[in-house]
Amino acid sequence: MLINICIMPSRDSSNDGQGDTVSLSMSVSELDDSGEGKGKKKRGRPGKQGVRPPLKKARRSPVDKGGRRPNGVAHQNGEGTDPSTLFEVVKQGKSAMQSVIDDWIESYKQDRDLALLDLINFFIHCSGCKGTVRIEMFRNMQNAEIIRKMTEEFDEDSGDYPLTMAGPQWKKFRYNFCEFIMVLVRQCQYSIIYDEYMMDTVISLLTGLSDSQVRAFRHTSTLAAMKLMTALVNVALNLSINQDNTQRQYEAERNKVAGKRANEKLELLLEKRKELQENQDEIENMMNSIFKGIFVHRYRDAIAEIRAICIEEIGVWMKLYSDAFLNDSYLKYVGWTLHDRQGEVRLKCLKALQTLYTNRELYPKLELFTNRFKDRIVSMTLDKEYDVAVEAIRLVTLILHGSEDALSNEDCENVYHLVYSAHRPVAVAAGEFLHRKLFSRHDPQAEEALAKRRGRNSPNGNLIRMLVLFFLESELHEHAAYLVDSLWDSSQDLLKDWDCMVELLLEDPLQGEEVLGDRHESALIELMVCTIRQAAEAHPPVGRGTGKRVLTAKEKKTQIDDKNRLTEHLIVALPMLLSKYQTDAEKVANLLQVPQYFDLEVYSSGRMEKHLDALLKQIRVVVDKHTEMEVLEACSKTYSILCSEEYTIMNRVDIARSQLIDELMDRFAHSVEDLLQEGDEADDDDIYNVLSTLKKLTAFHNAHDLTKWDLFKNCYRLLKMGIEQGSMPEQIAVQALQCSHYSILWQLVKITEGCQSKDDLVALRRVVKSFLAVCQQCLSNVNTPVKEQAFMLLCDLLMIFSHQLVTGGRDALQPLVFNPDSTLQNELLNFVLDHVFIDQDDENQSMEGDEEDEANKIEALHKRRNLLAAFSKLIIYDIVDMPAAADIFKQYMKYYNDYGDIIKETLSKARQMDKIQCAKTLILSLQQLFNELIQDQGPNLDRTSSHVSGIKELARRFALTFGLDQIKTREAVATLHKDGIEFAFKVPNPKGPEYPPPNLAFLEVLCEFSSKLLRQDKKTVHSYLEKFMTEYMMERREDVWLPLIAYRNSLLTGGDDDRLSVTTGASSTSKASTVRSKRGRPPQHKRRPEEEAVEGSWVMRNDTIQTPGALHTPQLTSTALRENPRQAADHIPDQDSSEPGSEPDYMHKRGLMEDDAEPIFEDVMMSSRGQLEDMNEEFEDTMVIDLPASRNRRERAELRPDFFDSTAIMEDDAGFGMQMF
């Protein structure tokens, strides 16, 4: 008796030419002998000709077996007391998977139909479906009908299903699910999978489920099919190995002499080889069915997780069975998917390729793929997803390792610069590439000869020179710390060879050795200092990483060992290095950073005091020779570190420091007296003596308490003379201001940390008051640096000596509190307006001809930002009155790129401090802009001009900052409207009451805030507005009265009255307000236009008709992607010209969604036809790679970050209920 079983997957009607069915045939006599593998009826190989013939035969009833349950829901054990489905067994994971499979195989041998029914229900339940396929459905229904029936059993309230559920249980379930499929094939590989029943039924079911519009079915079946394919690849690999072994045995036996040859053995080997070949053909047919029926469609599914599964598994196939899968026919799918829009899928592509490139034996098979997709892979090192960029760099490194000729110099340079990336994993991966490219290519014989040498003659000597050369050529000299950190994991032995670095700096070059130039020496010193910092601190530099993490015990030990070793090497060499480079400011400033990383106890414990004395001597020489602030601050910091009280060397260092300060103070006192006596007749030498000494004292006063030398007195004398005579050099004035500031701060520290006597408080108050007066006078200085320094110090001191000083139980410091008067506040505000908010053109003219124009612009902008931030702090901490911020807020739009973040933060903090006062300040800033516009254009404003639009846009931005919580901002918004209305009607028109007030147009600006009013507050504000309106105003319709009409309309929207049309007086409802969601209330009956005009007219304005406010755009319930039919027709090629399963054939397909589809469904296509052509234009499913250039629009979109204009950012913030600031 022959049973024909036909399970038909659901297919879209557009898939003509694709295989629709899998024909399954099995004789009853084979049920009891499925393990023999003989007498099998060979089935056609699907996909061999590209088309599988549809064989739609009806399924007959299977032969009944004893003990079979009628519904086929679950098997029971021998006693029939413990029902359990395969899904529950796999979900619980308590039983060994092999025993579960063995039980199922046993049941299959008894009744394969019921066993298959359990397996079908297993896949259905694993998809999260509550339905169960019963035996009647299995007998009488087609596959598509079964799937459609199961779709109705889904829980539409939740979109979750086992593969997407969170938690350890479901994570384990996914693992068990995959293991179940793998073990099932492994246990059935010798018999059952060749019976042409079980595998064909499973593959046909999974193919149908993978075409479903239900995501859960599609996702689960795709994962199952891909794991099934992986298991079959393992079986095919074993068969291939067995075939090779059998062939070798056969050849060996046949080559024996006739007398020793065993003919029976030859016949057995021939029979075995034939059987293995048949099995191989069967497995190949199964794999073709899965690949053509599932993979080719699902690798471009709309869901990224499904696409990722396909790409991950094809990588496994190519690695496991490279002879069959590692060719261009399969590699092209990975290459195409490198352009995927989702980082998760691109990541799977790169990891799949990494496993292939790791095996150097496979590289020849990858050569064509490398040449074709190398540019795309290199470009992915700049991917917007950092994880993808990291894996792309690692893949490029593997390509380099496989063949150095595969990458051009341009390709390598694209990766080199990533060592300076702020994202550490990207930088470290680029560092590994750099190490592989530059530091790992050497002659082994030469290395062996140099291995015994040390210092500059060691192998690291040339590598360090190469590193210095790379650093200089990269032209990013300020990022040496980033370069060192990038190479730290891969090149530690090189970077920690401080002996070699010191020898390269100190010793003369050998004969024939290239001499290090000045730039090379500076670069080497900078790199050496960075390596010392990295070893001593054991964490990345600032700006790279999330902060200091807790070190492990092993890392802590390594840190201690490195610190001891660098101290041992450099404690002796540092004085010699300082002696050699004492005249070079840049080199000395870097070298003076080294002592802070020493283990200073070594000086005393190792009896190395002589090296300490040599270091102190060199530092003193450096102080005498240099006046650069960078060098002097480095010297001051070194003294401060060496003077730490926890070390025994403190006394020795303190004596040296005191001697140096005494000498500087004597020199400063004499030079100041000479300068004051000579006055205007002072020569350059007198000025230089004062300036150089004052710079050194200022640098030391920053880190050391020098109050006992009373530096303030002489500095104050210099400042007073400069104010009185107006001839003080600007650098002396700047340094005197700074030094006086440090002196005041140290006096405050002594008072707050010690006992607070009244005399000390009075003396400090007198000093602060006199210094503030000097700074205020300096704001009018002709020299800009002096004014800027005075402004910054004024802001700092007003912050320090504000009402915040007495918080925390420090009421005794009340005499030191200073509050700026209105005159000082106005001077500070005017300084900000004059020196911060300046036109870019003026700045460009002032810097014209400068070689470092761009760098100077950035530095000048940074300085202006500091000035604005200093003044903004005074507003935020209520030291300067908040109305002063109006002049700052009104600049928000014009200077958004330069100061937008500072102004936003100021506004945010000001609102937190006082909502109502902040709202009054906002409306004041708008009023100031409006008054300025009136002065420029006169009372007759052009309301369509860009200036008016700019004020309205600024008002809209301000309105967005109030957020969506109208209860919290209710009073503030109402106050804002009140002030705006009063401003609009404050000044009457001099021509008479029949003319509009000059400020009436301001109401149009005020409209932007109407949406922030509550419904009841709109009525109140409208009533307040009517107090200023006359009957004559209410009846006016001329253009000059349109701002009033528009403002009234904005207040009446959502209230009891209809809005007034600004043109005809009719009720005006925008198109947006008529849009309704599909789930909203049903639309009302359509009325005639004449009725609408009458009912909404101005005459009928007191009727009860309500005009609804603007509604939000409805959410689309259909996920089908729309496209322009005309454009689609232009792009559709000839249907017959594409091969089934090819890229053009895929582009011909329509989306699976209809307009009325249920929300549980979704379009399984990744994008619309036009977008697909952009990604895969002219792609064909051929056996060779013939693809377009990889630099298409989608790639560029993926590599570049998204830049949104400020408007879009603020709209998004407001849309999500978050405040802009």
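Predicted model, so just to flag it, every value in this text is computed and none were measured.

Analysis parameters
- Residues numbered from 1 in each chain as written.
- Predicted model: local features only at pLDDT ≥ 70, side-chain atom pairs only at ≥ 80, totals over all residues.
- Heavy atoms only, no water.
- Helix = DSSP H or I, 4+ residues; strand = E, 2+ residues; numbered from the N terminus.
- Contact = heavy atoms within 4.5 Å.
- Areas by Shrake-Rupley, 256 points an atom, 1.4 Å probe, with all protein chains shown as cover.
- Axes fitted to C-alpha atoms, helices over the stretch in contact; angles between N-to-C directions.
- Parallel < 35°, antiparallel > 145°, perpendicular 65-115°, else oblique.
- Left-handed = near helix turned anticlockwise from the far one by under 90°.
- Nonpolar A, V, L, I, M, F, W, Y, C, P; charged D, E, K, R; others polar.
- UniProt positions renumbered as here; feature names shortened; annotations may be inferred.
- Buried < 20%, exposed > 50% of the residue type's maximum accessible area, 1.4 Å probe, protein only.
- Core = buried A, V, L, I, M, F, W, Y, C linked by side-chain atoms within 4.5 Å.
- Phe/Tyr/Trp six-rings, centres within 6.5 Å; stacked < 30°, edge-to-face > 60°.
- Expected span 1.5 Å × (residues − 1).
- Salt bridge = Lys/Arg side-chain N within 4 Å of Asp/Glu carboxyl O.
- pLDDT = per-residue confidence, 0-100.
- Patch = residues over 30% accessible without salt bridge, like charges linked within 9 Å, V, L, I, M, F, W, Y side chains within 5 Å.
- Lys, Arg positive; Asp, Glu negative; His and termini not counted.
- Charge placed at Lys NZ, Arg CZ, Asp CG, Glu CD.
- Arc of directions from axis to C-beta.

## What about the overall build of the protein chain?
Check the secondary structure of the protein chain and you find 53 helices and two strands. In the protein chain, the share of contacts with a sequence separation of at least 24, taken over all contacts with a separation of at least 6, comes to 75%. Working note: accessible area of the protein chain is about 59600 Å², and carbon and sulfur atoms make up 48% of it.

## Details of the packing of helix α27 (residues 609–625) against helix α28 (residues 629–642)
Two elements in contact, α27 and α28, have axes separated by 10 Å at closest approach and are oriented at 150°. Relative to α28, α27 is oriented roughly antiparallel. Two packed elements cross with a definite hand, and for α27 against α28 that hand is left-handed. On α28, the residues that touch Leu-612, Leu-615, Leu-616, Ile-619, Arg-620, Val-622 and Val-623 of α27 are Val-631, Leu-632, Cys-635, Thr-638, Tyr-639 and Leu-642. For the contact of α27 with α28, the class distribution of residues is 11 nonpolar, one polar and one charged.

## Overview of the UniProt feature "coiled-coil region" (unreviewed entry) in the protein chain
According to UniProt, the positions carrying the feature "coiled-coil region" (unreviewed entry) are residues 259–289. When the span residues 259–289 is considered, its composition is 87% helix and 0% strand, and the gap between its end C-alpha atoms is 48 Å.

## Concerning the side chain of Gln-789
Following the sequence through the fold, Gln-789 ends up in helix α34 (residues 784–800). Under the relative-accessibility criterion, Gln-789 is labelled buried at 16%. Each residue touching Gln-789, except ones within four places of it in the same chain, is listed here: Val-734, Leu-737 and Gln-738.

## So, the nonpolar core
Counting 326 residues, the largest nonpolar core has Phe-180 and Phe-871 as the members making the most contacts within it. Looking at this core, the element that brings in the most residues is helix α8 (residues 215–254), giving 14 residues. Once you skip the residues sitting within four places of it in the chain, Phe-180 turns out to touch Leu-86, Val-90, Met-97, Val-100, Ile-101, Leu-119 and Phe-122.

## Observations regarding the packing of aromatic side chains
Enumeration over the complete set of coordinates arrives at 39 aromatic pairs. A ring pair is formed by Phe-291 and Tyr-330, whose centres lie 4.9 Å apart and whose planes are at 75°; its orientation type is edge-to-face. With a gap of 39 residues between them, Phe-291 in helix α9 (residues 263–298) and Tyr-330 in helix α12 (residues 328–337) connect regions that are remote in the sequence. For the pair shown, Phe-291 and Tyr-330 are each scored as buried. Aromatic rings pair up to connect Phe-291, Phe-295, Tyr-299, Trp-317, Tyr-321, Phe-325, Tyr-330, Tyr-333 and Trp-336 into one cluster.

## Observations regarding the packing of helix α30 (residues 684–703) against helix α31 (residues 711–725)
At a minimum axis distance of 12 Å, the contact between α30 and α31 shows a crossing angle of 135°. With respect to their mutual orientation, α30 and α31 come out oblique. The two elements α30 and α31 meet at a crossing, and its hand is left-handed. Contacts between α30 and α31 involve Val-690, Leu-694, Leu-697 and His-701 on the former and, on the latter, Leu-711, Cys-715 and Leu-718. Considering only residue class, the contact of α30 with α31 consists of six nonpolar, one polar and no charged.

## Comments concerning the side chain of Asn-714
Looking at the secondary structure, you find Asn-714 in helix α31. Residues within four places of Asn-714 in sequence aside, it is in contact with Phe-668, Ala-669 and Val-672.

## With respect to helix α19 (residues 459–474)
With 16 residues, α19 ought to run about 22 Å at 1.5 Å a step, and its terminal C-alpha atoms sit 23 Å apart, in line with that. Residues of α19 that are buried include every one of Asn-460, Gly-461, Leu-463, Ile-464, Arg-465, Leu-467, Val-468, Phe-470, Phe-471 and Leu-472, and no others. Buried residues belonging to α19 abut α16 (409–416), α17 (424–438), α20 (480–487), α21 (492–495), α22 (498–506) and α23 (518–537). Count one or two residues on from α19 and you reach Glu-475, which has phi positive near 60°.

## Some thoughts on the pattern of salt bridges
Applying the stated criterion to the full structure yields 39 salt bridges. For Arg-298, the salt bridge goes to Asp-301, with nearest N and O atoms at 2.8 Å. Considered together, Arg-298 and Asp-301 belong to a single accessibility category, that of buried residues. For the salt bridge of Asp-965 with Lys-968, the shortest nitrogen-to-oxygen distance reads 4.0 Å. In this structure Lys-968 comes out as exposed when scored by relative accessible area, which is 61%. One network of salt bridges, in which partners are shared, links Asp-211, Arg-218, Arg-298 and Asp-301.

## Observations concerning unusual backbone geometry
Non-glycine residue Glu-196 carries a positive phi angle of around 60°. Mapped onto the elements, Glu-196 comes out in the loop between α6 (168–188) and α7 (198–210).

## As for the confidence of the model for the protein chain
Averaged over every residue, the pLDDT of the protein chain is 77; residues scoring 70 or more account for 76%. Contacts from residues 1–83, a stretch scored under 50 in pLDDT, to residues over four places away or in other chains number 183 contacts. Under a pLDDT of 50 for its full length, residues 845–849 has, in the predicted model, four contacts with residues more than four places off or in other chains.

## Some points on a negative patch on the surface
A contiguous patch of negative charge on the surface is contributed by Asp-674, Glu-678, Glu-681, Asp-683, Asp-684 and Asp-685. The set of elements that each furnish at least two residues to the negative patch consists of α29 (650–678) and α30. Note that Asp-685 resides in helix α30. With a relative accessible area of 53%, Asp-685 lands in the exposed category.

## Here's the deal with helix α5 (residues 143–151)
Within the sequence span of α5, burial applies to Asn-143, Ala-144, Ile-146, Ile-147, Met-150 and Thr-151. Down the axis of α5, the smallest arc covering the buried residues is 160°, so these residues share one side.

## Observations regarding the environment of Lys-750
Tracing the backbone through its elements, the reader meets Lys-750 in helix α32 (residues 730–753). The spacing of Lys-750 and Asp-705 is 45 residues in sequence and 9.4 Å in space, taken between C-alpha atoms. Not counting residues within four places of it along the chain, the set of residues in contact with Lys-750 comprises Asp-705 and Thr-707.

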